[in-house]
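Structural features, examined
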Amino acid sequence: MAADLRVGTTGARPGAMGFLTDTTLCIGCKACEVACKQWNQLPMDNFGFTGMSYDNTGDLGATTWRHVAFIERIDDHTGRRPVKLQPFQSNWLMLSDVCKHCVYAGCMEACPTGAIIRTEFDTVVIQQDICNGCGYCVPACPFGVPELSLTDRKAHKCTLCYDRLKDGLEPACAKACPTDAIQFGPVPQLMERARKRVEELHQQGVTSAYIYGDRAVGGTGGIEGLNAFFILTAPPEVYNLPAQPELPQRRVLPAFLSTAAAALALGLAAWRALRGVK
Ligand code: SF4
Ligand code: SF4
């Protein structure tokens with residue numbers, strides 16, 4: 001059996017580079033979103049409000065590879081904004097969302113052309129010249145990251161600025177973030193930093209802080225860890241993130257087996273009826 005080279009609870013392979021996105025430091029300025037668009041020459045999406053929030057881009061997509069979500073807290077019981085909040089927190093939660101560069105990437109597994117590759121930095125990149133636009137990667141990602149472009153009909157998503165990493169530069173979004181809410185580096189180091197930060201937050205009274213994407217927390221359905229992980233202060237669903245991310249393709253075999261079992265039972269029942277067997 002091959003040795004398991006992945007390290008610690010991150011599940012990261014040696015040399016893996018990633019992101020720690022600390023939502024407690026995010027001020028919602030969208031500098032990361034804009035820097036990403038500038039560097040990657042992505043067009044603007046919607047120059048106006050969605051009508052659903054103070055956010056204008058709405059979601060990750062073919063032309064939005066970093067997306068800062070604004071989530072207004074509404075108290076479940078009263079239906080109003082909470083009046084009692086944890087220290088340093090307002091009624092708004094900000095999440096700068098991005099591709100998770102999964103240790104086991106559903107998009108990469110589903111791609112039939114080999115267009116999606118794992119780079120020497122252990123990041124997940126779509127090669128545009130090989131993508132045939134079949135779209136299999138879209139439902140295979142449990143986080144809803146890749147999207148087919150209406151312009152070139154190919155799938156697009158964050159590359160973790162592969163071209164910048166090759167030149168020894170940090171990704172554009174991390175470089176632009178004025179509060180260091182986005183930190184880039186070797187995954188085990190970032191995880192260490194995240195753990196310290198969560199401890200610090202707990203000591204400061206933000207007891208709900210935790211790491212989303214730690215292998216120990218999110219390692220279900222074949223996902224293991226995420227090379228881009230987050231410090232959150234509310235349940236994942238509040239941020240529109242799956243609590244138990246799972247690869248959809250892992251459900252194919254059980255679904256096939258139950259269909260086959262049902263077909264067999266029906267066939268047997270029909271045979272018995274035809275033969276008059278009681
Ligand atoms: S988050 Fe989605 S798109 Fe990104 S590597 Fe994971 S499966 Fe692929
Ligand atoms: S790493 Fe680069 S491509 Fe990915 S979100 Fe950041 S700026 Fe955009």
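Below or above, wherever it landed, is the structure these notes cover. The structure displayed is predicted, hence computed values, not measured ones.

The rules behind the values
- Sequence order as written defines the numbering, with residues in each chain counted from 1.
- Each chain is given a letter, starting from A, and each ligand a number, starting from 1, according to the order in which they appear as written.
- In keeping with the model being predicted, local features are shown solely for residues with a pLDDT of at least 70 and side-chain atom pairs are shown and tallied solely at 80 or more, while totals for entire chains, interfaces and linings include all residues.
- With hydrogens and water set aside, each side-chain value is computed from the structure's full complement of heavy atoms.
- Note on aromatic contacts: the rings of Phe and Tyr and the six-membered ring of Trp form a pair at centre separations within 6.5 Å, being stacked when their planes are under 30 degrees apart, edge-to-face when over 60 apart, and tilted otherwise.
- Per the convention used, a helix needs a DSSP run of H or I reaching at least four residues, while a strand needs a run of E reaching at least two, with both numbered from the N terminus.
- Relative accessibility thresholds used throughout: buried, under 20% of the residue-type maximum; exposed, over 50%; partly exposed, between the two (1.4 Å probe, protein chains only).
- Lysine NZ or arginine CZ positioned within 6 Å of the ring centre and within 35 degrees of the ring normal marks a charge as sitting over the ring.
- In this analysis, the protein atoms alone were mapped onto a 1 Å grid. Cavities are point sets where a 1.4 Å probe fits without being able to get out; pockets are open sets with protein on both sides within 12 Å along at least five of seven lines; lining residues have an atom within 4 Å of a point.
- Grid points are joined across faces, edges and corners, and a volume is the space filled by probe spheres set on the points.
- Only Asp, Glu, Lys and Arg are considered charged in this grouping, and only Ala, Val, Leu, Ile, Met, Phe, Trp, Tyr, Cys and Pro are considered nonpolar; every other residue, Gly among them, is considered polar.
- A single heavy atom is enough: if one lies within 4 Å of a molecule or strand, its residue is considered near that molecule or strand.
- Polar contacts, as counted here, are pairs of nitrogen or oxygen atoms within 3.5 Å of one another; within protein the pair requires one atom able to donate a hydrogen and one able to accept it, and residues that are adjacent in sequence qualify only if both atoms are side-chain atoms.
- The criterion used for residue contact is that any of the two residues' heavy atoms lie within 4.5 Å.
- Strands pair, by our definition, only if DSSP identifies at least two bridges between them.
- For helices, the axis comes from a line fit to the C-alpha atoms of the stretch in contact; other axes are also lines fit to C-alpha atoms, and the angle between any two N-to-C directions lies between 0 and 180 degrees.

With that settled, the discussion passes to the packing of aromatic side chains. Evaluated as defined, the whole model comprises two aromatic pairs. Centre to centre, the rings of Phe-19 and Phe-184 are 6.4 Å apart; their planes meet at 65 degrees, and the pair counts as edge-to-face. On the criterion of sequence distance, the pair formed by Phe-19 in strand β1 (residues 17-22) and Phe-184 in strand β8 (residues 182-186) is long-range, its members being 165 residues apart. There is no split in this pair, since Phe-19 and Phe-184 are both buried. Their ring planes at 65 degrees and their centres at 6.0 Å tell us that Phe-121 and Tyr-162 sit as a pair that is edge-to-face. Taken as a pair, Phe-121 in the loop between β4 (116-118) and β5 (124-126) and Tyr-162 in helix α4 (residues 162-166) lie far apart in primary sequence, 41 residues in all. On the accessibility criterion, Tyr-162 (26% relative accessible area) is partly exposed. One residue, Arg-66, lies across the ring of Phe-19, its end atom 4.5 Å from the ring centre. Over the ring of Trp-39 we find Arg-164; its NZ or CZ atom is 4.5 Å from the centre of that ring.

Time to look at the layout of surface pockets. Considered as a void within the structure, the largest pocket measures approximately 400 Å³ in volume. Taken together, 20 residues make up the lining of the largest pocket; nearest its centre are Asp-55, Gly-58, His-67, Ala-69 and Asn-240. Top element by residues in the lining of the largest pocket is strand β2 (residues 66-72). It accounts for five residues. Residues belonging to the lining of the largest pocket are distributed by class as follows: 10 nonpolar, six polar and four charged. Within this model, the second largest pocket holds a volume of roughly 290 Å³. Lining the second largest pocket are 17 residues, with Asp-45, Ala-62, Thr-63, Glu-147 and Ser-149 sitting closest to its centre. Broken down by class, the residue content of the lining of the second largest pocket amounts to six nonpolar, seven polar and four charged.

In this section: the site of ligand 1. Ligand 1 sits among 13 residues. The nearest are Cys-99, Lys-100, Cys-102, Cys-107 and Cys-141. Broken down by class, the residue content of the shell around ligand 1 amounts to nine nonpolar, two polar and two charged.

In this section: the environment of Ile-27. You can see Ile-27 is positioned in the loop between β1 and α1 (31-40). Take Ile-27: its relative accessible area is 54%, and that puts it in the exposed class. A C-alpha to C-alpha distance of 8.5 Å links Ile-27 and Ala-181, two positions 154 residues apart in sequence.

So, on to the side chain of Thr-123. Mapping Thr-123 onto the fold places it in the loop between β4 and β5. Among the residues examined, Thr-123 registers a relative accessible area of 0% and is labelled buried. A polar atom in the side chain of Thr-123 sits 2.6 Å from the side chain of Thr-119. Excluding its chain neighbours within four sequence positions, the residues that come into contact with Thr-123 are Met-17, His-101, Ile-117, Arg-118, Thr-159 and Leu-160.

Moving on: the sheet that holds strand β10 (residues 228-232). With mixed pairing, four strands are arranged side by side in an open sheet as β8-β1-β10-β9. Of all strands in the sheet, those with a lone pairing partner are β8 and β9 (210-212), marking the two edges. Averaged over all neighbouring strand pairs, the angle between strand axes comes to 25 degrees, with direction disregarded. In this sheet, β10 lies alongside β1 in parallel orientation, the contact comprising four bridges. By the bridge assignment, Leu-20 is partnered in β10 with Phe-229. Contacts from helix α6 (residues 187-203) reach β1, β8, β9 and β10, with the element oriented near 135 degrees to β8.

Taken together, 13 residues are adjacent to ligand 2, and Cys-36, Arg-66, Cys-158, Cys-161 and Cys-173 come closest. Mapped onto the shell around ligand 2, the elements with two or more residues apiece are α1 and α5 (172-176). Of the residues assigned to the shell around ligand 2, the class counts are 10 nonpolar, two polar and one charged.

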